[in-house]
Amino acid sequence: MKFRSFIRPLAIVAGLVLVLGLGLLGRLTLNTPLYLIERGGQAQPLALQFVPKQSPVVASVLVRPDRLASLWEYLAAPRLRQETRRDQELIEQALLANTGLSYSRDIQPWLGEEITAAMVTPDLDQDPTNGTKPGYLVALACNDSAAAQAALELYWQNRAIAGDALTFEEFSGNRLIYARQGIPRSSREETAQLATALVANRYVLAANHPDVLRQALTAAQSSDLNLQSDRRYKTALRELPSQRVGLLALNLPGVNQWLNSERNSEGAAIALSELGATDDQVDWGLMSWQLTREGLVGHTALLAAQGHRLHPQRVRATDWENIVPYLPDSLAVAAVGTDLATLGQRLDPLLALLSPTGEGSFPLTKMIDGALGQGAMDFLQTGVDRSYGVGLGTAKTGAPDWLVVAPQSETLTAALDGMTALAQKKGLGVGALDLRGTPAIAWTRLALPKMRGSQPLQVVAEVAGLHAEVDQYEALAASPSTLDAVIHPAGVPRQRPAWWSQVAQVPGPSNGYVHIDWPQIQSGLVAQLPRWRLWSTAAQPALKHLRQVTLVSGDRSDAMQTGSILVQLSNQS
């Protein structure tokens, strides 16, 4: 038999096997929730036509929640899948509390691939004298209008049985249904009127007041009023990846108004719109969220405020790979960048958001100035004129800990001399220290520790800070244990911190990174912020899976600042 006559049928058979194999593989992929990672969900939220463009916060989930739950369970360790299902049930109970509805029975049969929720206004009546009550809107895409109508009827029947008086209203060709609670328990509850409408058999709208529904229906009738047609939204959306499962839009002046109204009048006002320099003002932002096997990636576009132009800041080719190995894994917060002076300025709005008084600021300045004297941080910022690594954590003694790593230079040497002179004026001593074979300089203060009984008095030296040369870098730390972790890493050769592998999910260079180890800082937030304590308790089924958050700074043109947020979740342990 000729070789050609033999190979031709074999090639045909191999081709058929390949085609069938690829087809089967594609079918298996479609039948597993992994397609959400590969392709994402619905491309854009269509329900934004109902969202007034001045709304402070708008969030859209572009895939049905049960599909996300299936993916989360699919990726979970087998022994944890039952616990994962319990967490999902707790979240469902919290979201549908007091409605008498079940997601799987009453909502899933008709729900489409989009849920959009918005805070339409920070205060419904715009009267600060009687407190604030935000107006909320939820729009759900509808695939089966008959099933959606049945679910609404069931809900309102339960409300009527509970004694609520129902009101039916025709507005812009749509039927609104709402009710006041039968016996309000407080004056604020008198304005709580849940309202619903089924619009064009395609969307179910729900709001916490009929006025919110009226605003939504009015916005849908005019392209000048809704977010879907807004120029800012379209501009930002063009800059973000098209593969997504969610979008988050922030109207920063409205968010500022809402946050500041929640605080004591004596507290400092929060300003989320500043990007470091006071004239770098942004007023609107959009985040596009993608799924990964490790969690979420959010790509961000912040737009310059009207009448403002940002200071362009192009990403420079910086070799972060060389400096991150000097940041231990044990740090609660780690940052790398090229301008230490602006690090605090960029983080201050976020820290103010977490502070009870709105006066939160980057703690590194307070820590270093408190340890070595007022103005020590100014010396350090002047001396670190190139790339840097910064870390915050808690020492073994429970005291706040800090770390700064920067390339050696003449300016840094001069800055350290200035810090030493400042420390001596404060009464600190300066001396050489051998740290397991590595020479270091320590700033110390003499102290008398509390003694018990008749024990003799002992004078001890407390370390306020110390620094040492490590390879081509200078490392400064608050405690000997932290500096020792930098000088003598556990692994040889020196390894990058575990969180650095996440950065590969955001291709291209960056202006800097800020990494947060969530379990370490969560306990501090709960202890300091009563409002956070209440919120975190309600969200615990979801928050307990949060592990790491990494902020990535991207390009800045005169009109837009880009960046990313990496969120690492875990259901493996």
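Structure: above.
Just so it is clear, the structure is predicted and the values come from calculations on it, not from any experiment.

(A) Focus on the overall build of the protein. Each helix and strand counted, the protein has 17 helices and 21 strands in total. Residues counted as buried form 46% of the 573 residues belonging to the protein. A fraction of 65% describes how many contacts in the protein between residues 6 or more apart in sequence connect residues 24 or more apart. When the accessible surface of the protein is totalled, it reaches about 29,400 Å², and 56% of it is carbon and sulfur.

(B) Highlighting the packing of aromatic side chains. Tallied over the entire structure, the rule returns six aromatic pairs. Relative to Tyr-513, the ring of Trp-320 has its centre 6.2 Å away and its plane inclined at 85°; by these criteria the two rings are edge-to-face. Here the residue Trp-320 occupies a position in the loop between strand S11 (295-304) and strand S12 (333-337), and Tyr-513 occupies one in strand S19 (residues 512-517), the gap between them amounting to 193 residues. Where Trp-500 meets Tyr-513, the ring centres are 5.1 Å apart and the plane angle is 75°; that geometry is what we call edge-to-face. Highlighted residues: Trp-500 in the loop between helix H14 (480-487) and S19 and Tyr-513 in strand S19, separated in sequence by 13 residues. Among the residues examined, Tyr-513 registers a relative accessible area of 5% and is labelled buried. What links up through ring pairs into an aromatic cluster is the set Trp-320, Trp-499, Trp-500 and Tyr-513.

(C) Summary view of the nonpolar core. Judged by nonpolar contacts, the single largest core of 34 residues is most densely connected at Phe-50, Leu-137, Leu-205 and Leu-286. Looking at which element gives the most residues to this core, the answer is helix H7 (residues 210-220), with four residues. Each residue touching Leu-286, except ones within four places of it in the same chain, is listed here: Tyr-233, Ala-236, Leu-237, Leu-240, Leu-247, Leu-248, Ala-249, His-299, Thr-300 and Ala-301. Counting 31 residues, the second largest nonpolar core, distinct from the first, contains Ile-368, Ala-376, Leu-422 and Ala-464.

(D) Quick peek at unusual backbone geometry. One non-glycine residue, Arg-436, lies in positive phi territory at about 55°. Residue class for Arg-436 comes out exposed when judged on its relative accessible area of 58%. The backbone of Asp-471 shows a phi angle near 55°, a positive value even though the residue is not glycine. On the secondary structure map, Asp-471 appears in the loop between strand S17 (460-470) and strand S18 (473-477). A relative accessible area of 53% places Asp-471 in the exposed class.

(E) Geometry of the pattern of salt bridges. This structure, assessed with the given rule, holds 14 salt bridges. A salt bridge links Arg-85 to Glu-73; its shortest N-O distance comes to 2.4 Å. Of this pair, Arg-85 sits in helix H4 (residues 81-95) while Glu-73 sits in helix H3 (residues 65-75), and the two are twelve residues apart along the sequence. Taking the shortest distance from any N to any O, the salt bridge between Asp-385 and Arg-386 comes out at 4.0 Å. On the basis of relative accessibility, which here comes to 46%, the residue Asp-385 falls in the partly exposed class. A single salt-bridge network, built from bridges that share partners, covers Glu-83, Asp-87 and Lys-544.

(F) Representation of H14 within the structure. Among all positions in H14, only Thr-482, Leu-483, Asp-484, Val-486 and Ile-487 are buried. If you follow the buried residues of H14, they end up packed against strand S14 (400-407), strand S15 (429-435), strand S16 (438-447), S17 and S18.

(G) Spatial organisation of the side chain of Asp-164. Structurally, Asp-164 can be placed in the loop between helix H6 (145-161) and strand S4 (165-171). A polar contact of 2.4 Å, which involves the side chain of Asp-164, links it to the side chain of Arg-159.

(H) Structural context of the environment of Arg-445. Secondary-structure assignment places Arg-445 in strand S16. A C-alpha to C-alpha distance of 9.7 Å links Arg-445 and Ala-423, two positions 22 residues apart in sequence. Setting aside residues no more than four positions away along its own chain, Arg-445 makes contact with Ala-371, Lys-426, Leu-428, Val-460, Ala-461, Glu-462 and Ala-464. Here Ala-371 takes part through its backbone oxygen, which lies 3.5 Å from a polar atom of the side chain of Arg-445.

Conventions used here
Residues numbered from 1 in each chain as written. Predicted model: local features only at pLDDT ≥ 70, side-chain atom pairs only at ≥ 80, totals over all residues. Heavy atoms only, no water. Helix = DSSP H or I, 4+ residues; strand = E, 2+ residues; numbered from the N terminus. Buried < 20%, exposed > 50% of the residue type's maximum accessible area, 1.4 Å probe, protein only. Contact = heavy atoms within 4.5 Å. Areas by Shrake-Rupley, 256 points an atom, 1.4 Å probe, with all protein chains shown as cover. Phe/Tyr/Trp six-rings, centres within 6.5 Å; stacked < 30°, edge-to-face > 60°. Core = buried A, V, L, I, M, F, W, Y, C linked by side-chain atoms within 4.5 Å. Salt bridge = Lys/Arg side-chain N within 4 Å of Asp/Glu carboxyl O. Polar contact = N/O pair within 3.5 Å; in protein donor to acceptor, adjacent residues only side chain to side chain.

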